[in-house]
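# Survey of secondary and tertiary structure
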Amino acid sequence: MTDHLSFPTLLRMIDERSAAFRAAVAAAPSLDADVPSCPGWTLYDLANHLSEGDRFWAYIVLNTAPGDERPSKDGLPAPREREELITWLADSTEQLLAALREAGPDRGCWAWWEPLASPHTVAAVARRRVPESLIHTYDAQLASGTPQELPTTEAADAIEEFLATVCTGTVPWPGEPATMDYHAAEAGSWRQTVDAAGSRFTAAEAAESKPTAAIYCTASEMALLMYMRIPARSLRIEGDADLLQKLQDWG
């Protein structure tokens, strides 16, 4: 388990990863370059998606409350000329950061996830946007031919945030109860438990029983695995090797 990052740290990470994304866009051979990790998308599609998300959540944190209906995502498409697109991306990030600062970390807002491990707050939105920028920067670097290992601190928090926001819920697990341990060499360990009550996570070190399966890798590899950017076969897995695929298929 990792210590929760401060709100200012999350904002700084969004800013830094967004700048790295723009650098990858600037270095790419073309905005029409394919994004190998996002089949069917071009680099332009990826940039449009990230900027749309920044603007969407900027609106949400200032204009919604927990329990509201999902807001519309309609908005202007990003420009298709490279220099204008890079400026648009910077403006999108600044809109998000300005809205997060204005709202403050404790304000409640709409969110799509169950509020069991990640609350419906501005701080949780900021934490969710870090891996969005982190993983999509990796995608953009792949498209430009310059993929880089994820920064350890951001990757470690992305692992726990994924388990808290994406994987924690009350939808019943359709199979036999199971546990998956995720061991990131330089960042910590987590245990995901799935059963009829849904999915939840704890610190793996506190577990007294042997897991159904366990994965061992770096924090960067673990975060990329969780977002299905690298194959599981490239990593060390002990126990039931089919469990990970079942979890990914479960969604």
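Structure's up top.
What comes next concerns the included structure. (Residues numbered from 1 in each chain as written. Predicted model: local features only at pLDDT ≥ 70, side-chain atom pairs only at ≥ 80, totals over all residues. Heavy atoms only, no water.)

## Structural notes on the pattern of salt bridges
Worth spelling out the cut-off: Basic side-chain nitrogens of Lys or Arg form a salt bridge, by our definition, when they fall within 4 Å of a carboxyl oxygen of Asp or Glu. To qualify as a helix, a DSSP run of H or I must reach at least 4 residues; to qualify as a strand, a run of E must reach at least 2; elements of each kind are numbered from the N terminus. In this scheme, a residue with accessible area under 20% of its type's maximum is buried, one over 50% is exposed, and one in between is partly exposed, where area comes from a 1.4 Å probe on protein chains only.
Applying the stated criterion to the full structure yields 11 salt bridges. Here Arg129 ties to Asp54 by a salt bridge, and the two come within 2.9 Å at their closest N and O atoms. Remark: Asp54 occurs in helix α2 (residues 43-63) and Arg129 occurs in helix α4 (residues 122-144); sequence separation between them is 75 residues. The buried category is assigned to Asp54, whose relative accessible area is 1%. Among the charged side chains, a network of salt bridges with common partners joins Arg127, Asp157 and Glu160.

## Description of the sheet that holds strand β3 (residues 198-203)
Put simply, the rule reads: In this analysis, strands are considered paired if DSSP registers two or more bridges between them. Geometry is summarised by axes, namely lines fitted to C-alpha atoms with helices restricted to the contacting stretch, and by angles between N-to-C directions that run from 0 to 180 degrees. Only heavy atoms matter for contacts: two residues are in contact if any of them lie within 4.5 Å across the pair.
Read from one edge to the other, the open sheet built from 5 strands follows the order β3-β2-β1-β4-β5, with strand pairing classed as mixed. Looking at which strands have only one partner, the edges of the open sheet turn out to be β3 and β5 (236-239). Averaged over all neighbouring strand pairs, the angle between strand axes comes to 20 degrees, with direction disregarded. Note: strand β4 (residues 213-217) against β5, 4 bridges, orientation antiparallel. Residue pairing for β5: Ile215 is matched across the bridge by Ile237. In this fold helix α7 (residues 243-250) packs onto β1 (178-184), β2 (188-195), β3 and β4, with an angle of close to 100 degrees to the strand it touches most, β1.

## Examining the packing of aromatic side chains
Quick note on the threshold: Between rings of Phe, Tyr and Trp, where Trp is taken as its six-membered ring, a pair exists when centres lie within 6.5 Å; planes separated by under 30 degrees are stacked, by over 60 edge-to-face, and by other angles tilted.
For the structure on display, the rule yields 7 aromatic pairs. Ring centres of Phe56 and Trp110 lie 6.3 Å apart, and the angle between their planes is 70 degrees; on these two criteria the pair is classed as edge-to-face. Highlighted residues: Phe56 in helix α2 and Trp110 in the loop between α3 (82-103) and α4, separated in sequence by 54 residues. Of the two residues, Phe56 and Trp110, neither departs from the other in class, the shared state being buried.

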